[in-house]
Every structure is written in C-alpha cells, then in structure tokens.
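Chains, contacts and geometry: an overview
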Amino acid sequence: MSVNSTSMVGLPITTCQNIIRDLKSQKFVKLSIVHCPPVTMAIIRRPDPKFQLGFSVEDGIICSLMRGGIAERGGIRVGHRIIEINGQSVVATTHDKIIQILTNAVGEIHLKTMPASTYRLLTGQEQPVFL
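This text gives an overview of the structure that appears in the document. Keep in mind that what you see is a predicted model, and the values were worked out from it rather than measured. (Residues numbered from 1 in each chain as written. Predicted model: local features only at pLDDT ≥ 70, side-chain atom pairs only at ≥ 80, totals over all residues. Heavy atoms only, no water.)

What follows concerns the nonpolar core. Counting 18 residues, the largest nonpolar core has Ile44, Phe55, Ile76, Ile82, Ile85, Leu102 and Leu111 as its most contacted members. Among the secondary structure elements, those contributing two or more residues to this core are strand 4 (40-46), strand 5 (55-58), helix 2 (70-74), strand 7 (80-85), helix 3 (95-104) and strand 9 (107-115). With three residues, the top contributor of residues to this core is helix 3. Setting aside chain neighbours within four positions, we find Phe55 in contact with Ile44, Ile62, Ser64, Leu65, Ala71, Ile76, Ile82 and Leu102. (Core = buried A, V, L, I, M, F, W, Y, C linked by side-chain atoms within 4.5 Å. Buried < 20%, exposed > 50% of the residue type's maximum accessible area, 1.4 Å probe, protein only. Helix = DSSP H or I, 4+ residues; strand = E, 2+ residues; numbered from the N terminus. Contact = heavy atoms within 4.5 Å.)

Burial of the side chains of strand 4 is restricted to one face: Thr40, Ala42, Ile44 and Arg46 are buried, whereas none of Met41, Ile43 and Arg45 on the reverse face is. Pairing of strand 4 with strand 9, which is carried by seven bridges, proceeds in the antiparallel orientation. In the strand pairing of strand 9, Thr40 is matched with Thr113. (Pairing = 2+ DSSP bridges.)

Strands in a sheet are paired, the pairing made by backbone hydrogen bonds, and the direction either parallel or antiparallel. Taking strand neighbours across the sheet as the criterion, the three strands line up as 2-1-3 in an open arrangement whose pairing is antiparallel. Lying at the two open borders of the sheet, with one neighbouring strand each, are strand 2 (6-7) and strand 3 (31-32). Two elements, strand 1 (residues 2-3) and strand 3, share two bridges in a ladder whose sense is antiparallel. Its bridge partner being in strand 3, Ser2 is matched across the sheet by Ser32.

Right, let's get into the side chain of Arg46. Along the chain, the position of Arg46 falls in strand 4. Although Arg46 is buried, it makes no salt bridge; Asp48 carries the closest opposite charge, 7.2 Å away. For Arg46, the side chain forms a polar contact with the main-chain oxygen of Phe51, separated by 2.8 Å. At 3.2 Å, the side chain of Arg46 and the backbone oxygen of Thr103 are in polar contact. Apart from residues no more than four positions distant in its own chain, Arg46 is found in contact with Phe51, Leu53, Ile70, Leu102, Thr103, Ala105, Val106, Gly107 and Ile109. (Lys, Arg positive; Asp, Glu negative; His and termini not counted. Salt bridge = Lys/Arg side-chain N within 4 Å of Asp/Glu carboxyl O. Polar contact = N/O pair within 3.5 Å; in protein donor to acceptor, adjacent residues only side chain to side chain.)

Take it as geometry only, folks, not as evidence of what the structure does.
Below, the structure is given as structure tokens:
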C-alpha cells in the first residue's frame, strides 16, 4: 500500500498512522493498494525425513527460516500461520500434533499459510485498530 506515492510496506504501524494523520489537511489523497490474497500456498519438496524442513514453528506460526533451505525455496514465510498441511486443516490442531505431521511428511508437502495478524483478525482473537 502507498499513500501519495509513499510506500507503507514494512513500516511500523505508528509510522503508518502518522503518515495518514498528516493527510488531514489535504483535499485529495492518492491511495494505491496491491491485491495480495491472505492465503498463500507453499510447496516443500522433501525427498527424505533426514532432510530438515528448514523452519521453526511455535503454536502454528512460522518463527524462523533457514536461509537457502527447502522451506525458503518452497515459499514459506516468517510470521505466517500454518492453516493446512497436505489438504488437512490444522487450525484447531495442537502444536505437538503439527510438529508430528511436519516431522513425518516426505515428498511434496503442500502448506497453506496466512499472515498471523490476518488469522487473528479473522478468528476474532484481535480487533482491528481504526484510525
């Protein structure tokens, strides 16, 4: 998203709020939004369980990623919540069960993820902050 050609991608929320507040005195504002679907599909190719997946998970959220690993090459993103593994929903699945599923998975592993913040909003765990 950009406001008057100023990109807001990756900026802290307080900086974005300040940019928007500073627009009050302007008659016209140009807002550009790039559509980005909330759910992304990652495909990890793991030929054998001896190969590390290359990411860490805490409560279904991807916390860290091994640079150059099979997960990074497959499209895994830090800060995303895993919502599905190989067509099986893991939304209400315990951390230990998610780890078990991932540890035993081999071949082509299909993961659907979404940004953790979007997941929390969609599940009512957080409320949006309106400006």
